[in-house]
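Here's the letter readout for the chains.
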Amino acid sequence: GSPPVAWGVHQSLDDLTREKALTRAVIRTAAWVSRFVDAIVYVSEASRRQHHARGFRPERAVLIPNGVDTDRFRF
């Protein structure tokens, strides 16, 4: 079979009106294509929520937050 495909999403979509027309078109197309990928990895809950609101497939979502747990990795 085909190798699995995972997307990494690092962008927030708070206000699409601030995006260029081409960027908005790419986001709409990516939302449609998202049904064909195996996983969409989000770096924040806000980004995951915003992308789902714009049609990205929620069943493909994986949340791996940016950052380091400063309590766990303390000097």
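This text goes with the structure placed above it.
An account of the accompanying structure is given in this report.

Calculation notes
Residues numbered from 1 in each chain as written. Predicted model: local features only at pLDDT ≥ 70, side-chain atom pairs only at ≥ 80, totals over all residues. Heavy atoms only, no water. Helix = DSSP H or I, 4+ residues; strand = E, 2+ residues; numbered from the N terminus. Rg over C-alpha atoms; globule rule 2.2 N^0.38 Å. Buried < 20%, exposed > 50% of the residue type's maximum accessible area, 1.4 Å probe, protein only. Contact = heavy atoms within 4.5 Å. Lys, Arg positive; Asp, Glu negative; His and termini not counted. Charge placed at Lys NZ, Arg CZ, Asp CG, Glu CD. Pairing = 2+ DSSP bridges. Axes fitted to C-alpha atoms, helices over the stretch in contact; angles between N-to-C directions. Right-handed = clockwise from strand over helix to strand, strands pointing away. Polar contact = N/O pair within 3.5 Å; in protein donor to acceptor, adjacent residues only side chain to side chain.

**Things to note about the overall build of the chain**
Piece 1. Tallying secondary structure elements over the chain gives two helices and three strands in all.
Piece 2. Taken against the 2.2 N^0.38 rule, which gives 11 Å for 75 residues, the C-alpha radius of gyration of the chain at 14 Å runs more than 25% over that of a compact globule.
Piece 3. Burial analysis of the chain (75 residues in total) assigns 21% to the buried set.
Piece 4. Considering only intrachain contacts with a sequence separation of at least 6, the fraction spanning at least 24 residues in the chain is 47%.
Piece 5. Charge-centre separation for the chain: the mean point of 12 positive side chains lies 6 Å from the mean point of 8 negative side chains.

**Notes on the sheet that holds strand E3 (residues 61–63)**
Piece 1. Spatial strand order, E1-E2-E3: three strands in an open sheet with parallel pairing. Unpaired on one side and paired on the other, strand E1 (6–9) and E3 mark the two borders of the sheet. Across this sheet, the average inter-strand angle for adjacent strands is 25 degrees, counted without regard to direction.
Piece 2. Looking at chain direction, strand E2 (residues 39–42) and E3 are connected through three bridges and run parallel.

**Re the pairing of E2**
Piece 1. Both E1 and E2 contribute to a ladder of four bridges, which runs parallel. By the bridge assignment for E2, Gly8 is matched with Val41.
Piece 2. Between the parallel pair E1 and E2, the chain is carried across by helix H1 (residues 21–33), and the sense of this crossover is right-handed.
Piece 3. Following the chain from E2 across helix H2 (residues 45–53) to the adjacent parallel E3, one finds a crossover that is right-handed.

**Considerations on the side chain of Ser47**
Piece 1. Structurally, Ser47 can be placed in helix H2.
Piece 2. Residue Ser47 is classed as buried on the basis of its relative accessible area of 1%.
Piece 3. Here Gln11 takes part through its backbone oxygen, which lies 2.8 Å from a polar atom of the side chain of Ser47.
Piece 4. In contact with Ser47, not counting residues within four places along its chain, are Val9, Gln11 and Tyr42.

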